[in-house]
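# Architecture and fold: a report
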Amino acid sequence: MARRESNSHHPHQHQGTHTRFEDEQIEEATESSNLEDPMCDADESTIGQEKAIDDTMCEPDESDKDIARSFELDDSVIGSDKTSADYYFDSYSHFGIHEEMLKDVVRTKTYQNVIYKNKFLFKNKVVLDVGAGTGILSLFCAKAGAKHVYAVECSHMADMAKEIVEVNGFSDVITVMKGKVEEIVLPVAQVDIIISEWMGYFLLFENMLNTVLYARDKWLVNDGIVLPDKASLYLTAIEDAEYKEDKIEFWNSVYGFDMSCIKKQAMMEPLVDTVDQNQIVTNCQLLKTMDISKMAPGDASFTAPFKLVASRDDYIHALVAYFDVSFTKCHKLTGFSTGPRSRATHWKQTVLYLEDVLTICEGETVVGSMTVAQNKKNPRDVDIMIKYSFNGQRCQVSRTQYYKMR
Ligand code: SAH
């Protein structure tokens, strides 16, 4: 699941090296890499773009207006009658977000490997694909020998999924159903397998997990399986002087004006971005593991304690959260991590800036707790509270901070 554009980039940072975890489990995925550093210095091409923008700033003359009129494309030509308003409320209707997810090879190849290398799980089984998007996971399952796959997708991408299923010759195995999982009427009473890629930024942003749990409780047979079935959230601490300056302190003086009121908002908004593993100052603490096959919806709201021990003398500017998922029903344990030491994914990591800069010495610890809760007004938003205290040789501090993912 992809969600919004990242709200920032850390230019010139390189992706982490592969961990053993990943190298073992995503053999095929390591061959291709579309996950190169997307940022580069302004070069000729961007300079060229500036010029192009300047050119379009001129007023159109009469002949241009004629061209503009004749340029109103018939919907049948572009194959869509959707407007920007449709996409504003339903970004999954646009192919761009699906392109980003499909090109995330760590994500997509892991699902593919799970399915293709564990055909015994799928043989003659009825599968429900929760949030099918382009239908990719359903196609993998059909190819692996599933008896039937119900691909449920609420966005207009369902129309494309239908066409894709047909063109690829799987119409007799895959039934694409357009609608919300919570409202759809399945033609069968039970399914053997539920597969879904529901994970959001910070794992829980957008809260699609509830949809998977709803489907599990309504249709999954007693000994049925959920893929993936485990998801864990982790926390670590980083040195991040440069980007804290760039993203937070920036508001102190903008072209000579005090805009520090925006700084408070910027502090409260977790930043989705890639973190260089060399910035990591402490251990990585497991906060919470969720068992998707057993958990209750309420279990996605929790308070978890943490203890971060410095592995070197450094400063701490931010805490960083990330997750991993695993498919424990596979022949060989398979999964992927979105941590800073693993190959980057479109989820990147989630950076939570601290009010204080902690001066920490090797062996000293920051202790605290993180509380995660669904926002009451908008259940797709996530509220985060972090309490931390640090009693070091060169710095003592204790504080509570609030964040909101939206
Ligand atoms: N399975 C696809 C798409 C994953 S993104 C893939 O792996 O590439 C998640 C998809 O779930 C989006 O297309 C979104 O529109 C859909 N979705 C989210 N909530 C849903 C719901 N309640 N019912 C049906 N579809 C849903």
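Note that this is a predicted model, so its numbers are computed, not measured. (Residues numbered from 1 in each chain as written. Predicted model: local features only at pLDDT ≥ 70, side-chain atom pairs only at ≥ 80, totals over all residues. Heavy atoms only, no water.)

### So, the site of the ligand
- Around the ligand there are 20 residues in total, and R107, G131, E153, V181 and E182 lie nearest to it.
- E153 is positioned such that a nitrogen or oxygen atom in its side chain is 2.6 Å from an oxygen atom of the ligand.
- Within the backbone of V181, a nitrogen or oxygen atom sits 3.0 Å from a nitrogen atom of the ligand.
- Considered on its own, the ligand offers 580 Å² of accessible surface; in the complex 97% of this is hidden by protein.
- When residues of the shell around the ligand are traced back to their parent elements, those giving at least two are α6 (95-103) and α9 (136-143).
- The residue inventory of the shell around the ligand, partitioned by class, reads 9 nonpolar, 6 polar and 5 charged. (Near = heavy atom within 4 Å. Polar contact = N/O pair within 3.5 Å; in protein donor to acceptor, adjacent residues only side chain to side chain. Areas by Shrake-Rupley, 256 points an atom, 1.4 Å probe, with all protein chains shown as cover. Helix = DSSP H or I, 4+ residues; strand = E, 2+ residues; numbered from the N terminus. Nonpolar A, V, L, I, M, F, W, Y, C, P; charged D, E, K, R; others polar.)

### Details of the pattern of salt bridges
- Using the criterion set out here, one finds 10 salt bridges in the structure.
- Close ionic contact of R107 with E197 constitutes a salt bridge, the shortest N to O distance being 2.7 Å. Linking R107 in helix α7 (residues 105-116) with E197 in the loop between β4 (191-196) and α11 (209-219), this pair joins segments that are 90 residues apart in sequence.
- Taking relative accessible area as the criterion, E197 reaches 6% and is therefore assigned buried. (Salt bridge = Lys/Arg side-chain N within 4 Å of Asp/Glu carboxyl O. Buried < 20%, exposed > 50% of the residue type's maximum accessible area, 1.4 Å probe, protein only.)

### Thoughts on unusual backbone geometry
- L227 connects to P228 through a cis peptide bond whose omega is -5 degrees.
- Looking at where P228 falls in the secondary structure, it is placed in the loop between β5 (220-227) and β6 (230-238).
- Notably, K348 is not glycine yet its phi reads approximately 50 degrees, a positive angle.
- The topology assignment puts K348 in the loop between β11 (334-337) and β12 (349-360).
- Its relative accessible area of 16% is what places K348 among the buried residues.

### Remarks on the pairing of β12
- For β12, a buried count of 10 out of 12 residues is recorded, marking the element as mostly surrounded by other parts of the structure.
- The pairing of strand β7 (residues 271-273) with β12 spans 3 bridges and is antiparallel. Its bridge partner lying in β12, V272 is registered against T350.
- Inspection of the sheet shows strand β10 (residues 314-327) paired to β12 by 7 bridges, in the antiparallel sense. Its bridge partner lying in β12, Y315 is registered against T359. (Pairing = 2+ DSSP bridges.)

### Some thoughts on the confidence of the model for the protein
- Averaged over every residue, the pLDDT of the protein is 85; the share at 70 or more is 78%.
- Taken as a whole, residues 3-60 scores under 50 in pLDDT and shows 114 contacts with residues more than four places along the chain or in a different chain. (pLDDT = per-residue confidence, 0-100. Contact = heavy atoms within 4.5 Å.)

### Focus: the nonpolar core
- Grouped together as the largest cluster of nonpolar side chains are 95 residues, with contacts concentrated most on L128, I174 and I292.
- The dominant element in this core, judged by the number of residues it contributes, is β10, at 6 residues.
- Apart from residues lying up to four places away in sequence, I292 is in contact with W198, L209, V212, L213, R216, V226, P228, D229, K230 and A231.
- Counting 11 residues, the second largest nonpolar core, distinct from the first, contains I238, I248, M267 and L271. (Core = buried A, V, L, I, M, F, W, Y, C linked by side-chain atoms within 4.5 Å.)

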